[in-house]
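# An overview of the molecular structure
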Amino acid sequence: MTSDSAIVPVLGRARVAERADAARNRRKILDAASLILQTRGASGLSMDEVARVARVGVGTVYRRFGDLSGLAHALLSDQELQFQESLLTGPAPLGPGAAPKERIAALLSALVDRLEENSELLLVAETSAPYARFTCTAYEVHHAHLVTLINEIRPDVDAEFLADALLAPLATNLYLHQRQVRGLSTDRIRRGLAALLAPL
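One structure accompanies this document, and this report is about it.

Conventions we followed
- Residues numbered from 1 in each chain as written.
- Predicted model: local features only at pLDDT ≥ 70, side-chain atom pairs only at ≥ 80, totals over all residues.
- Heavy atoms only, no water.
- 1 Å grid on protein atoms, 1.4 Å probe; cavity = no way out; pocket = protein on both sides within 12 Å on 5 of 7 lines; lining within 4 Å.
- Points joined across faces, edges and corners; volume = space filled by probe spheres on them.
- Helix = DSSP H or I, 4+ residues; strand = E, 2+ residues; numbered from the N terminus.
- Nonpolar A, V, L, I, M, F, W, Y, C, P; charged D, E, K, R; others polar.
- Buried < 20%, exposed > 50% of the residue type's maximum accessible area, 1.4 Å probe, protein only.
- Arc of directions from axis to C-beta.
- Contact = heavy atoms within 4.5 Å.
- Polar contact = N/O pair within 3.5 Å; in protein donor to acceptor, adjacent residues only side chain to side chain.

## Observations regarding empty space enclosed by the protein
The tally for this structure, following the rule as stated, stands at one cavity of 30 Å³ or more. Approximately 280 Å³ is the volume found for the largest cavity. In terms of lining, the largest cavity is formed by 17 residues, of which the most central are Arg 114, Leu 122, Glu 126, Ala 138 and His 142. Of all the secondary structure elements, the ones that give two or more residues to the lining of the largest cavity are helix H4 (68-89), helix H5 (100-127) and helix H7 (137-153). No other element matches the five residues that H5 contributes to the lining of the largest cavity. Here the lining of the largest cavity is composed, by residue class, of ten nonpolar, three polar and four charged.

Laid out in structure tokens, this is it:
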């Protein structure tokens, strides 16, 4: 089943036109999920509850978004598109114009910012299914971007593996454990991520 987590907007990829009724249902579902998120937090999100608030059948929610992870990714999709635009056309060092290593550091730092801002929803997006973090388009885009930059610096290394390794510390559950249990500051996490870049 295709969910919206698999079709998060990616620059250069055209969106498929929706039927008017499908677009209305999608908007109702996302508005309902946003309302629940604002009033009860991510712990209040469930497919049944979203369907109830949206006044649509729960089957409609499942058909449209696949699972809770897909719904969470859809709620994050506008922000993700803006982030991708920054990677491809925004100012350096996140965007073009800086050295590859600086761009990698800027990307990792920007992902820390996103975790600080949206950790509750990102946790739902990444953990509602076993491989949810890795099968969404957003992860694929971040990974591919890192592979390109790593290859520019070190064409002799396994860039695909290293890209996963650099993104691994930014899994939301690990990040929240470091922030809330270990008491690490965002500055300390950023310094740690920068240290991972030293071998490059």
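## Observations regarding helix H8 (residues 159-167)
Among the residues of H8, those classed as buried are Ala 159, Ala 163, Leu 166 and Leu 167. The buried residues of H8 occupy an angular sector of 95 degrees when the element is viewed end-on, so they sit on one face. Against the buried residues of H8 lie H5, helix H6 (132-135), H7 and helix H10 (186-196). Near the N-terminus of H8, the side chain that reaches the backbone nitrogen of Glu 160, with its oxygen 3.3 Å away, is that of Asp 158.

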